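One-letter residues, chain by chain:
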Amino acid sequence: MYDTDSRKLLSALCHGAIFLNFIVVPIAIPIVIFFITQDPVVKDNAKEALIFYLNVWLCGIIIGVLVSVTFGLLWPLVPAWFVVHWGLTIWALSHVLGDSEKPFRYPFIFRVI
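Conventions adopted
Per chain, the residues get numbers from 1 upward, laid out in the order the sequence is written. Owing to the predicted nature of the model, reporting of local features is limited to residues with pLDDT of at least 70; listing and counting of side-chain atom pairs is limited to 80 or more, with chain, interface and lining totals taken over all residues. Where side-chain values are given, they derive from all heavy atoms of the structure, hydrogens and water being excluded. Here, nonpolar core refers to any group of buried Ala, Val, Leu, Ile, Met, Phe, Trp, Tyr and Cys residues whose side-chain atoms link them within 4.5 Å. Working definition: with a 1.4 Å probe on protein chains only, accessible area under 20% of the residue-type maximum means buried, over 50% means exposed, and in between means partly exposed. Per the convention used, a helix needs a DSSP run of H or I reaching at least four residues, while a strand needs a run of E reaching at least two, with both numbered from the N terminus. Any two residues whose heavy atoms approach within 4.5 Å are treated as being in contact. Exposure above 30% relative accessible area and the absence of a salt bridge qualify a residue for a patch, where like charges join within 9 Å and nonpolar side chains (Val, Leu, Ile, Met, Phe, Trp, Tyr) within 5 Å. We get accessible surface area from the Shrake-Rupley algorithm with a probe of 1.4 Å; when it comes to residues, only the shown protein chains can shield them. Only one rule defines a salt bridge in this text: a Lys or Arg side-chain nitrogen within 4 Å of an Asp or Glu carboxyl oxygen. Note on ring pairs: Phe, Tyr and Trp rings are taken, using the six-membered ring of Trp, and paired if centres are within 6.5 Å. Classes follow the plane angle, with under 30 degrees stacked, over 60 edge-to-face and the rest tilted. Any Lys NZ or Arg CZ that is within 6 Å of a ring centre and within 35 degrees of that ring's normal is treated as a charge sitting over the ring. Helices are assigned an expected span. That span is 1.5 Å times one less than the residue count. Arc definition: it is the arc formed by the directions from the helix axis to the C-beta atoms. Here a cavity is any set of points on a 1 Å grid over the protein atoms alone where a 1.4 Å probe fits but cannot get out, and a pocket is any open set with protein on both sides within 12 Å along at least 5 of 7 lines; a residue lines the site when it has an atom within 4 Å of a point. Grid points are joined across faces, edges and corners, and a volume is the space filled by probe spheres set on the points. Classification convention: Asp, Glu, Lys, Arg as charged; Ala, Val, Leu, Ile, Met, Phe, Trp, Tyr, Cys, Pro as nonpolar; all other residues, Gly among them, as polar.

Novice: Describe in detail the nonpolar core, supporting the description with residues and values.
Specialist: Nonpolar side chains tend toward joint burial in soluble globular proteins. Cys14, Ile33, Phe52, Tyr53, Phe104, Tyr106 and Ile109 are the most contacted members of the largest nonpolar core, which has 25 residues in total. It is helix H3 (residues 40–69) that provides the largest number of residues to this core, a total of 10 residues.

Novice: Residue-level account of the side chain of Glu48, with values.
Specialist: Mapped onto the elements of the fold, Glu48 is located in helix H3. The buried category is assigned to Glu48, whose relative accessible area is 3%. If sequence neighbours within four positions are ignored, Glu48 has contacts with Phe104, Arg105, Tyr106, Ile109 and Arg111.

Novice: Tell me about a nonpolar patch on the surface, residues and numbers included.
Specialist: There is a patch of nonpolar side chains on the surface, built from Leu58, Ile62, Leu66, Leu73, Leu74, Leu77, Phe110 and Val112 and spanning about 770 Å² of accessible area. Here the nonpolar patch gets three residues from one element, more than from any other, and that element is H3.

Novice: Explain the environment of Tyr2 residue by residue, including any values.
Specialist: For Tyr2, the position within the fold is in the segment before helix H1 (4–16). Residue Tyr2 is classed as partly exposed on the basis of its relative accessible area, which comes to 34%. Not counting the four nearest positions on each side in its chain, Tyr2 is found in contact with Arg7, Gln38, Asp39 and Pro40.

Novice: I'd love a proper account of the packing of aromatic side chains, names of residues and values included.
Specialist: Pairs of aromatic rings are described using the distance from one ring centre to the other and the angle between the two planes. Following the criterion strictly, the structure yields seven aromatic pairs and no others. Among the aromatic residues, those joined into a cluster by ring pairs are Phe52, Tyr53, Trp91, Phe104 and Tyr106. Of note, Lys43 hangs over the ring of Phe34, and the distance from its end group to the ring centre comes to 4.3 Å.

Novice: Break down the pattern of salt bridges for me, with residues and values.
Specialist: As enumerated under the stated definition, the model contains five salt bridges in all. Asp44 is the salt-bridge partner of Lys47, the closest N and O atoms lying 4.0 Å from each other. Of this pair, Lys47 and Asp44 both sit in helix H3, three residues apart, which is roughly one turn of that helix. Accessibility expressed as a relative area gives 35% for Lys47, which makes it partly exposed. Note on Asp44: relative accessible area 34%, which makes it partly exposed. Note that Glu48 and Arg105 form a salt bridge whose closest N and O atoms lie 3.7 Å from each other. Linking Glu48 in helix H3 with Arg105 in the segment after helix H4 (77–98), this pair joins segments that are 57 residues apart in sequence.

Novice: Residues and numbers for H4, please.
Specialist: Counted at 1.5 Å a residue, the expected span for H4 with its 22 residues is 32 Å, and the 31 Å between its end C-alpha atoms agrees. Buried within H4 are the following residues: Trp81, His85, Leu88, Thr89, Ala92, Leu93, His95 and Val96. Looking down the long axis of H4, one finds its buried residues gathered within 165 degrees of arc, a one-sided arrangement. Exposed and facing more than 90 degrees away from the buried side of H4 are Val83, Ile90 and Gly98.

Novice: Describe the layout of surface pockets, and please don't skip the residues or the numbers.
Specialist: Quantified by volume, the largest pocket comes out at close to 180 Å³. Taken together, Phe52, Asn55, Val56, Cys59, Trp81, Val84, His85, Leu88, Pro107, Phe108, Ile109 and Phe110 form the lining of the largest pocket. Only H3 and H4 provide two or more residues apiece to the lining of the largest pocket. When its residues are assigned to classes, the lining of the largest pocket shows 10 nonpolar, two polar and no charged.

Okay, structure coming up:
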């Protein structure tokens with residue numbers, strides 16, 4: 001029905017775009033893939049990756065404000081945020097490369113779309 005290799009590649013590109021750049025590319029790649037593919041699993045992965053990146057940015061802004069307001073007392077939140085962010089991304093990549101039949105769903109995120 002759908003090509004498994006292209007499904008894995010496109011899904012991995014959606015979730016792994018954060019490794020290429022932090023600002024524009026993580027949003028642009030899933031949006032482009034969402035509109036060019038017909039595969040429902042890849043579309044779901046693109047949506048989930050986009051929502052995750054928006055959550056990462058929102059949490060980063062909140063943590064940045066908290067660290068600034070507390071004059072750096074909450075600085076340990078910054079490395080913890082990076083560990084969680086990168087860890088969830090690596091988990092998503094391993095999932096879509098291992099089981100391409102169902103989309104990955106990130107835990108602990110706000111789904112607004």
